[in-house]
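One-letter residues, chain by chain:
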Amino acid sequence: MELILALAIGVLVGSGVWLLMRPRSYQVIVGLCLLAYGVNLFIFAMGRLYVGAAPIMPKGGFVDPTAYADPLPQALVLTAIVISFATTALFLVLMIASRGATGTDHVDGKERQS
Amino acid sequence: MMNDGAMPDHLMIAPILIPLVAGALMLFYSDRNRQTKLIMGLVAVGLTFLASIELMADVKSATEQGGTVVGLYRLGDWPVPIGIVLVLDRLSAMMVMLTALLAAPSLIYAAAGWQGKGQHYHSMFQFLLAGVNGSFLTGDLFNLFVFFEVMLAASYGLMLHGSGPERIKAGLHYLAVNLAASLLFLIGVALVYGTTGTLNMADIGRALYWLDDAERLLFHAAATFLGLAFLIKAAAWPLGFWLPPTYGAAAPPAAAIMAIMTKVGVYVILRLSLLVLGPDAGLSAGFGASVLMIGGVLTMGFGMIGVLGTPELVRKGGYLAIISSGTVLAAVGFAQAGGGSSMLGGALYYMIGSTAAIAAFFLIAEPVSRDDRGDDDDTPAEADGFDPLSERWAPMGLGTVEDTTAPASQRTVSWLTMAICFGLVAAMLAGLPPMPGFIGKLAILRGAVQDNLPAGGHLPVILWAYAAMLILSGLGALIALMRFGIRRFWAEEGPTPRILALEVVPVVMLLGMIGLQTLRSDALLGYTNATAGALLEPGVYRNAVLADAQDVRAAPVQNLAPDPVADDQDANGPNAAAEEAQ
């Protein structure tokens, strides 16, 4: 499982970084999304991997911390997802505005002269 | 610790709550009631300022001269390493006050017309203040991320306020750069949590002792990621190319308040590098100090070249902000490497004055650039009805009396006030006496020489480079600004652009603040020196935060089967962790 997760994070971040360097704003936004997915999985992995363990302990029941997943990274991921979703939505709006204002989807607002 | 008793000091959360509530309340009003919103905003800023005065009085030790009291506020009253805390010390109190002081002039300036150029200016402004104050006050790394995002989300809106292709283009770049930086921040936070098992800034420093070699390597990687993220926000070279176009394109009042945002990046680097990686951090002591020193000096050089090279006045402001960031960053690097506290104290003093001056610069730059025909040094005069030759023959406007088409009376009082303010701000940014820029730089240089001159009498090379850069960057700023000032205020004839009193008043307010900083420089330098001293003794901060913290890691894993008598109390510790995730 570790190998699969590591590969997934690597592929997501690698593709994200490559797309981030591209000149089209749509590629940049997809790249940022992929990067955010990779980073979110990474935060998850930093809380160590558990299989079939609940993060929330029952009230008053038997509590052995080793039988439960670490809840903190899950909370962090949730927050990070919300924030990156909102900022990506804003970026999308801005991208459309830029397309309307400049007539091109190049990130610099004009095609490169060559 | 202030809250030894049962009653916590609720005032500490006021600088976050006041703008947040004010910003939210404004949303209930229609956007046409701008005057109402303006008054609400000014009241909120005033209340924040009053709260910051009270907080600043709290951090000064009553018994010991120059001592520090660290205040702690547990959000939701969760026990310390589990829950999120707000921490108040000299540095955060000072930064909160600076934010409030910059916010008021910026709001008044916006009332001159910019507030009406788009939607919800005042709400976004208040949310920005809430995010900035939160970043200054929080003691938790992930909470810092959240406040950072609050601040950035508001700043995207403010940056785009007024719309237009130029702003949209710069905003697109700004947004992309900051999204990428936020992701680096998250990677750093995740690595810190993975290695130390905590996100409380004071607790991270404590957990650092127990790391083995492999974990320490990972922790250093985390510190590098966090450092990269904050250096991007602080616009250090080579990560600061986004700043001048962004600030140049933003509306002037927005750019003025965004001057504090680069300082938030500087603040976090200052806080983390001295608290976590400071001199007492064992094997990790001084990690990244050389990057800060060399990077800071290079940043100052980059800013100097930029301010000399760019023709647009607003962009010069961006490069001046970069110079100011670089100056403080390098001083932090020196302090982290053991360069003594008086240098850092001088740098903090310089930071207050230069931030106010840069904010004032952005407010001046737009009105005086109105109807500016640009730098006509090497381009022939525009063919706008004048004979280009006659224009060329009146260098610096020193033509004979008969030639002068525009009598002096055409220069309005507000124009002249702006010109004088421009000169004073330029003197401040160049570091000429008696402005605080001079006093701050002198204090930095004196600290550098006094604390670092060993018996042999040789300063390290990097300190020489820093001292030289400190003076050269001032010279660069002086040349660039005087060139503009002479051309625009002396040489130019013809009617001056209309400048409203509402645009002059905030600039005069900021200059008054700078003047006060000179007049009370003794008290202020004493405060910043004590701040620097406290920052270099992170034990005080750490002990105050962790005074009654249980160490969750040190406890062996035990069977916490419910005790029939007191099951709720026993399960409290682990449950707290689970509850906090909600």
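Residues numbered from 1 in each chain as written. Chains lettered and ligands numbered in written order. Predicted model: local features only at pLDDT ≥ 70, side-chain atom pairs only at ≥ 80, totals over all residues.

## Concerning the overall build of chain B
Stage number 1. Each helix and strand in chain B was counted, giving 22 helices and two strands.
Stage number 2. The buried share of chain B, reckoned over its 582 residues, is 54%.
Stage number 3. Considering only contacts in chain B between residues 6 or more positions apart, those separated by 24 or more positions represent 80%. (Helix = DSSP H or I, 4+ residues; strand = E, 2+ residues; numbered from the N terminus. Buried ≥ 20, exposed ≤ 12 C-beta atoms within 10 Å, placed from the backbone. Contact = placed C-beta atoms within 7 Å.)

## Overview of the overall build of chain A
Stage number 1. Counting its regular elements, chain A contains three helices and zero strands.
Stage number 2. Tracing chain A from N to C terminus, the helices and strands come up as α-α-α.
Stage number 3. What you see for chain A is a C-alpha radius of gyration of 19 Å, clearly larger than the 13 Å of a compact globule of 114 residues, by over 25%.
Stage number 4. When its C-alpha atoms are laid out on the principal axes, chain A stretches across 70 × 30 × 15 Å.
Stage number 5. Counting the 114 residues in chain A, one finds 31% classified as buried.
Stage number 6. Here the analysis covers contacts within chain A between residues at least 6 apart in sequence; of these, 51% occur between residues at least 24 apart. (Rg over C-alpha atoms; globule rule 2.2 N^0.38 Å.)

## Structural notes on the interface of chain B and chain A
Stage number 1. Counting residues at the interface gives 33 residues for chain B, matched by 40 residues for chain A.
Stage number 2. Of all the elements in the fold, those that place two or more residues in the side of chain B that touches chain A are α5 (141-159), α6 (165-196) and α22 (572-580) of chain B.
Stage number 3. Ranked by residue count, the leading element in the side of chain B that touches chain A is α6 of chain B, at 16 residues.
Stage number 4. In terms of residue class, the side of chain B that touches chain A is built from 26 nonpolar, four polar and three charged. (Nonpolar A, V, L, I, M, F, W, Y, C, P; charged D, E, K, R; others polar.)

## Digging into unusual backbone geometry
Residues and elements named next belong to chain B.
Stage number 1. Of note, the bond from Trp237 into Pro238 is cis; its omega dihedral lies within 30 degrees of zero at 0°.
Stage number 2. Looking at the element boundaries, Pro238 is found in the loop between α8 (213-234) and α9 (243-249).
Stage number 3. Pro433 connects to Pro434 through a cis peptide bond whose omega is 5°.
Stage number 4. Considering the arrangement of structural elements, one finds Pro434 in the loop between α15 (413-430) and α16 (436-452).
Stage number 5. Of note in the backbone geometry, Asp77 takes a positive phi value of approximately 60° without being a glycine.

## Points about helix α1 (residues 2-20) of chain A
Residues and elements named next belong to chain A.
Stage number 1. When the terminal C-alpha atoms of α1 are compared, their 27 Å separation across 19 residues agrees well with the 27 Å that a helix rising 1.5 Å per residue should span.
Stage number 2. Along α1, the residues classified as buried are Leu12, Val13 and Gly16. Taken around the axis of α1, the buried residues stretch over an arc of 90°, which confines them to a single face. Counted as exposed and oriented over 90 degrees from the buried face of α1: Leu3, Ile4, Leu7, Gly10, Val11 and Trp18.
Stage number 3. Contact partners of the buried residues in α1: α2 (25-46). (Expected span 1.5 Å × (residues − 1). Arc of directions from axis to C-beta.)

## Points about the UniProt feature "transmembrane region" (unreviewed entry) in chain A
Residue and element names in this part refer to chain A.
Stage number 1. UniProt's feature table lists "transmembrane region" (unreviewed entry) at residues 29-51 and 72-97, given in the numbering used throughout.
Stage number 2. Taken end to end, residues 29-51 has its terminal C-alpha atoms 33 Å apart, with 78% of it in helix and 0% in strand.
Stage number 3. For residues 72-97, the end-to-end C-alpha separation is 38 Å, with 100% helix and 0% strand making up the annotated structure. (UniProt positions renumbered as here; feature names shortened; annotations may be inferred.)

## As for the environment of Lys117 of chain B
Residues and elements named next belong to chain B.
Stage number 1. Inspection of the secondary structure assignment puts Lys117 in the loop between α3 (90-110) and α4 (121-137).
Stage number 2. In this structure, the C-alpha to C-alpha distance between Lys117 and Tyr193, residues 76 residues apart in sequence, is 44 Å.
Stage number 3. Once residues lying within four places of it in the same chain are set aside, the contact partners of Lys117 are His161, Gly162 and Ala251.

## Re the UniProt feature "domain: NADH:quinone oxidoreductase/Mrp antiporter transmembrane" (unreviewed entry) in chain B
Stage number 1. In the numbering used here, UniProt assigns the "domain: NADH:quinone oxidoreductase/Mrp antiporter transmembrane" (unreviewed entry) feature to residues 139-360 of chain B.
Stage number 2. Helix makes up 79% of residues 139-360 of chain B and strand 0%, and the two end C-alpha atoms of the span are 31 Å apart.

## Some thoughts on the environment of Gly188 of chain B
Residues and elements named next belong to chain B.
Stage number 1. Structurally, the position occupied by Gly188 is in helix α6.
Stage number 2. Sequence separation between Gly188 and Leu107 is 81 residues, and the spatial gap between their C-alpha atoms is 35 Å.
Stage number 3. If near-sequence neighbours (up to four positions away) are discounted, Gly188 is found in contact with Ala222, Phe225, Leu226 and Ala229.

## Concerning helix α17 (residues 461-491) of chain B
Stage number 1. When the terminal C-alpha atoms of α17 of chain B are compared, their 43 Å separation across 31 residues agrees well with the 45 Å that a helix rising 1.5 Å per residue should span.
Stage number 2. Along α17 of chain B, the residues that are buried comprise Leu463, Tyr466, Met469, Leu470, Ser473, Gly474, Gly476, Ala477, Ala480, Leu481 and Phe484 of chain B.

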